[in-house]
Structure formats: structure tokens, C-alpha cells
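As a plain string of letters, each chain reads:
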Amino acid sequence: MSVPGNQGFNTRAVHAGQAFEPRTGAVVPPLHFSSTYAQDGIGGLREGYEYGRGGNPTRDALQEQLAALEGGTHAYSFSSGLAAEDSLIRALTRPGDHIVLGNDAYGGTYRLISRVLGGWGIGNTPVDMADLDAVRAAVAASKTRFVWVETPSNPLMKITDIAALAAIAHDAGALLVVDNTFASPYLQNPLALGADVVVHSTTKYIGGHSDVVGGAVVVKDAELAEKIGFVQFAVGAVSGPMDAFLTTRGLKTLGVRMDRHSLNGQAVAEWLLERPEVEAVLYPGLPSHPGHELARKQMRSFGGMVSVQFKGGETAARKVAESTSVFTLAESLGGIESLMNYPSEMTHASVKGTELAVPVNLLRLSCGIEDVEDLLADLDQAFAAIP
């Protein structure tokens, strides 16, 4: 189902790729589990479907939905966020190419680029993306193919000027890739700001219920799309039908969930700011955040991710992380339930000892959609456990 691009976000989220089933009128499109498709004679494909790795109606519906919400022309759904990143890089780079990425990138992304694709001949330079002169110098110093940025970043919540980075990348003949996982398509649309490629871990806010793993790549250039689509087909790290179905179901409520996540994130950040145990609160919705004004400009709201650093160092951070009951100590983020993470030993353990290492006194909070009074009470009792 094609939905006009001028319709509102929530209308597109509910209806893009979601036409009712014509035979029965079922308003939820069927879930297609078939691995192969009957042909009307040799090469006579029905609606282009041949084999499940190459195409599946449920996955195609999700991909149309993702493209509509990110303002792209093509979207590809993968089995995980890292599978999406791997296919993107292998589709558009060659040995000898270089990636300039944020010096606070997600640990899994850095591990993929440095330790897996580095052996294939892909170089990388981590740099502070807020320092545009440093980015420009890093891009000029190598055969840069990608400038790769997360904004807000994980877990230091840095905000980067997407339009400015796009100009730097394009001046050097490079592409700007934006990991939009923390913001989601509801809060930020990098393609509209000049980015060439958007990547997501759809496991997070897009799926939204901590019950499915997936990833996505979205573009608006047909040539890039063809190359990415070929690698998706050739390599086969596609999302399965049930995964695509669950992701589509989550995506339909993204807007209303993000409104609540943002309200709770703002309230938690403001509460933390007043606590004497806290050294720093990293949340772009706070006027004191160095990226606050830029975030107001390129985001609809500030999201549900809050990072906090403790004066009591590692001991205090660990004690709080192990003392909550509403916040669950776990990997991942973006679900309806609130999660707490100790990045130094969990999501970012792979970058310990590098310049991407996360401070040991930092916790990352993913504020869910619970009643905010319960979130604050849970934090309050956990803070009481700090020695």
C-alpha cells in the first residue's frame, strides 16, 4: 500500500505497506512463511517472488514501511543491526577504503569495522564528530568512503550536526552514514538533512518490545540501493517472516511510544541532575547539554536514553545498577520496559583499552513507558544503596 509522503508520521506508520488482504478483507496483512513460490512456467514469477532469501511479502511490507518513515526510496531489513552494517559496508566499500567514525561509536560497530572488516583491508579513524575541523582533516588524510556517525551517540549522548557532516563528506566524495537507532525515524530523519544512508538496529525502538532482533538500511539513491540489495540477496542475512511481522507491528506504534519515552527520559534526567551523588547527566533535552540547541533543531524531541556518571566512581555505578527493580539490568534498549546497562562491562566491553572506552562511572538508562513516578522511586531506593 503506497501512502503519500505528505501524510503524517503516524498515518504512514500504520498504513505504509499494510494494505488489507484482498480475498478476505483482513486488515492485518497475512504472515507469509513460505520459503519458495510456485512459478507459472519456467521463469514465470508471480509478483516477482521466487525464493525466500530474495523476497518475502512480509519482509517487503516492512521495508516499504521503513522507507516511508525515513523518507527513503528503498529500505532493506536484515537479521540484526550488525548484519545490516556488515552488508552495507561490503556493498559500498573495497579493500583500501577508509571509514571515519565517531570516537564514541557503539562497541559492536567498532568491533565489526576494526576487527572483522579491518582484516579485509578497510581502515578506520575514530574522531570527535563535534569537532568539524578534526573530521575534515581525518577525511582528507585517507581514501575515505564513509563518514559514520551516531547522533545521539551510544552511550555518551553526543549530538552531531548531520547537515555539516554531509557537506564535509560530499566535498571529499564520501558518503555520510547515520546510525539513527537512538532517535528512531519519529524523532529524526537524517536523509532529509543530507545523509546518504541511514542504519538502524530495529531491535531497539522500532521493534520496541524486546522480542525481536533485526536491522535496517535505508537510502534514497537508486544506485546505492541496487548495490545494497544485491549483497542482501547474495549474502542472505535477511530478517525472517516472523521477525519482519513483529517489527512491523512494533513500528506501527513508534510515534506514540516515543512521545512517552521522551517524557520519561526528560523527567528522569531532570531528577538525576538534582542528586548530590551524580557527577554528570548526559541527556540532550537538558539546556546544559552542549548539543541541546542542535538537538532542538534536528530532532522532534529528545528520546528516552539517559546516561549518568557518578561521583562515587565505578563502585557507585555498579551498586545502583544492581539495586533496581523497575529498571532491569540488561543489554539492549528501546523497549517498553525500562532497562539499565553498565556499558564498560556490557555493551562496550569490546572497546575497553581503546580511545572509545566508556567511563567506568557511567550507567546508561533506557527509560520505558512505565509511570514515571515508579521509575523515580526505583532510582531513589537504588541510590540509597550507594556506600
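Computed from a predicted structure; not experimentally measured.

Caption draft 1: Structural context of the packing of helix α3 (residues 81-92) against helix α4 (residues 107-116). In contact at an axis separation of 10 Å, α3 and α4 are set at 35° when each is read in the N-to-C sense. Crossing handedness for the pair α3 and α4: right-handed. Across from L82, E85, D86 and I89 in α3, the residues of α4 making contact are G108, T109, R111, L112 and I113. Tallied by class, the residues present in the contact of α3 with α4 amount to four nonpolar, two polar and three charged.

Caption draft 2: Focus on the environment of V235. Of note, V235 is situated in helix α8 (residues 222-235). On a C-alpha basis, the gap between V235 and A83 in space is 9.9 Å, while along the polypeptide they are 152 residues apart.

Caption draft 3: Structural view of the environment of Y37. Position of Y37 relative to the elements: it lies in the loop between α1 (9-15) and α2 (57-70). Given a relative accessible area of 17%, Y37 falls into the buried group. Separated by 316 residues in the primary sequence, Y37 and G353 place their C-alpha atoms 50 Å from one another. Apart from residues lying up to four places away in sequence, Y37 is in contact with Y49, E50, Y51, G52, G55, N56 and P57.

Caption draft 4: Local environment of the sheet that holds strand β9 (residues 305-310). Strands sit in the order β8-β9-β12-β11-β10 across an open sheet of five strands; the sheet is mixed. The two strands at the open ends of the sheet, each matched to only one other strand, are β8 (278-282) and β10 (328-329). Both β8 and β9 contribute to a ladder of four bridges, which runs antiparallel. Residue pairing for β9: L282 is matched across the bridge by S307.

Caption draft 5: A look at the pairing of strand β12 (residues 362-366). Most of β12 is tucked away, with five of its five residues classed as buried. Side chains L362, R364 and S366 of β12 all project onto a buried face; the interleaved residues L363 and L365 project onto the opposite face, where all are buried too. Pairing geometry for β9 and β12, over five bridges, is antiparallel. In the strand pairing of β12, V308 is matched with L363.

Caption draft 6: Representation of the sheet that holds strand β7 (residues 215-219) in the model. Judged by pairing direction, the sheet is mixed, and its seven strands sit side by side in the order β1-β7-β6-β5-β4-β2-β3 without closing on themselves. Two strands close off the open sheet at either side, each with one partner strand: β1 (74-78) and β3 (123-127). When the angles between neighbouring strand axes are averaged without regard to direction, this sheet yields 20°. When strand β2 (residues 98-102) meets strand β4 (residues 144-150), the two strands line up parallel, connected through four bridges. Bridging across to β4, I99 finds its partner in F146. Together, β1, β6 (197-201) and β7 form the strand contacts of α2, whose direction differs from that of β1 by roughly 130°.

Caption draft 7: Main features of the pattern of salt bridges. Counted according to the given criterion, the structure contains twelve salt bridges. Note that D40 and R46 form a salt bridge whose closest N and O atoms lie 2.8 Å from each other. According to the relative accessible area criterion, D40 is partly exposed, its value standing at 49%. Close ionic contact of R260 with D371 constitutes a salt bridge, the shortest N to O distance being 3.6 Å. One end of the pair, R260, is in helix α10 (residues 254-273); the other, D371, is in the loop between β12 and α13 (372-383), with 111 residues separating them in the sequence. Assessed through its relative accessible area of 31%, R260 is described here as partly exposed. Here D371 falls in the partly exposed class, since its relative accessible area comes to 45%. Three or more residues are tied together by salt bridges with common partners; here these are R275, E277 and D380.

What counts as what
Residues numbered from 1 in each chain as written. Predicted model: local features only at pLDDT ≥ 70, side-chain atom pairs only at ≥ 80, totals over all residues. Heavy atoms only, no water. Axes fitted to C-alpha atoms, helices over the stretch in contact; angles between N-to-C directions. Helix = DSSP H or I, 4+ residues; strand = E, 2+ residues; numbered from the N terminus. Left-handed = near helix turned anticlockwise from the far one by under 90°. Contact = heavy atoms within 4.5 Å. Nonpolar A, V, L, I, M, F, W, Y, C, P; charged D, E, K, R; others polar. Buried < 20%, exposed > 50% of the residue type's maximum accessible area, 1.4 Å probe, protein only. Pairing = 2+ DSSP bridges. Salt bridge = Lys/Arg side-chain N within 4 Å of Asp/Glu carboxyl O.

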